[in-house]
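Architecture and fold: a report
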Amino acid sequence: MTVPPGRRERKKAATRQKIAETALRLFLDRGYDAVGIRDVAAEADVAVTTVFSHFASKEALVFEQDEGFEQRLVQAVTGRAPHEPLIPALRREIQALVRHCTADGAAPIWGLIDASPALRQYEESMRLRHAESLATAIAADPGLPRTTTAARAIARFAIDAYSLAREAADPQAAVDEVFRMIEAAWEVACPSENPAGTAGR
């Protein structure tokens, strides 16, 4: 049973959300380079130290859901139903992330990211980190016959599927197309995957 967050945790989450929303609004209104951390803190009515207690860098303010996305990707592996093969579980999560990141209102944010070398570099490092976390989860699953190389390759393919789909005219169709190739690659790398082997998880 999940324990509801306490008052302190709720207040902390609300402050973090307020800071992120304030920063994004300022970035979109004035431009990313024209806004500093002090501007964000003043507008959100918090101390600069409070901003840094929630976000490690200015770039992180734009990717407020970074940690949540990473956890969801790992959970797609570790929390999938017994007997469920890996690739369909990954496809489902990537499709959900793509829907979120291509929803109405997302285009200006991606325009902001694409226009900033610092944000593009941060996004690239974030994607690599997500891929490594996902690979670690795949490699640690006792029900998946795999090598470390196969786990890392499939993880990177999955993260790349998200990036390619975001830029496609039909994002969901792009996810399906890429995952057909990912599934074929996984079958070659791990021909002996046995769904029954996941029963003990």
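Remember, it's a predicted structure, so these values are computed and weren't measured experimentally.

A few words on helix 7 (residues 117–140). Every α-helix winds through 3.6 residues per turn, so residues three or four apart in the chain are directed the same way. The first and last C-alpha atoms of helix 7 sit 35 Å apart over 24 residues, in line with the 34 Å expected at 1.5 Å per residue. For helix 7, the secondary structure elements touched by its buried residues are helix 4 (66–78), helix 5 (86–101), helix 6 (107–114), helix 8 (148–167) and helix 9 (171–189).

So, on to the packing of aromatic side chains. Under the definition given, this model contains two aromatic pairs. Relative to Tyr122, the ring of Phe63 lies with its centre 5.2 Å away and its plane at 25°, an arrangement referred to as stacked. On the criterion of sequence distance, the pair formed by Phe63 in the loop between helix 3 (48–54) and helix 4 and Tyr122 in helix 7 is long-range, its members being 59 residues apart. For Tyr122, a relative accessible area of 19% translates into the label buried. Directly above the aromatic system of Trp110 lies the positively charged group of Arg166, at a separation of 3.5 Å from the ring centroid.

In this section: the nonpolar core. In this structure, Leu61, Leu90, Ile138 and Phe179 are the most contacted members of the largest nonpolar core, which totals 55 residues. Looking at this core, the elements that each hand over two or more residues are helix 1 (7–30), helix 2 (37–44), helix 4, helix 5, helix 6, helix 7, helix 8 and helix 9. If near-sequence neighbours (up to four positions away) are discounted, Phe179 is found in contact with Ile87, Leu90, Arg91, Ile94, Ala158 and Ala161.

This paragraph deals with the packing of helix 7 against helix 8. Running from amino to carboxyl end, helix 7 crosses helix 8 at an angle of 140°, the nearest separation of the two axes being 8 Å. With respect to each other, helix 7 and helix 8 are oriented oblique. Here the hand of the crossing between helix 7 and helix 8 comes out right-handed. Two secondary-structure elements touch here, helix 7 through Glu123, Arg127, Leu128, His130, Ala131, Glu132, Leu134, Ala135, Ile138 and Ala139 and helix 8 through Ala151, Arg152, Ile154, Ala155, Arg156, Ala158, Ile159, Asp160, Ser163 and Arg166. Looking at the contact of helix 7 with helix 8 residue by residue, the class counts come to eleven nonpolar, two polar and seven charged.

Criteria and cut-off values
Residues numbered from 1 in each chain as written. Predicted model: local features only at pLDDT ≥ 70, side-chain atom pairs only at ≥ 80, totals over all residues. Heavy atoms only, no water. Helix = DSSP H or I, 4+ residues; strand = E, 2+ residues; numbered from the N terminus. Expected span 1.5 Å × (residues − 1). Contact = heavy atoms within 4.5 Å. Phe/Tyr/Trp six-rings, centres within 6.5 Å; stacked < 30°, edge-to-face > 60°. Buried < 20%, exposed > 50% of the residue type's maximum accessible area, 1.4 Å probe, protein only. Lys NZ or Arg CZ within 6 Å of the ring centre and 35° of its normal. Core = buried A, V, L, I, M, F, W, Y, C linked by side-chain atoms within 4.5 Å. Axes fitted to C-alpha atoms, helices over the stretch in contact; angles between N-to-C directions. Parallel < 35°, antiparallel > 145°, perpendicular 65-115°, else oblique. Left-handed = near helix turned anticlockwise from the far one by under 90°. Nonpolar A, V, L, I, M, F, W, Y, C, P; charged D, E, K, R; others polar.

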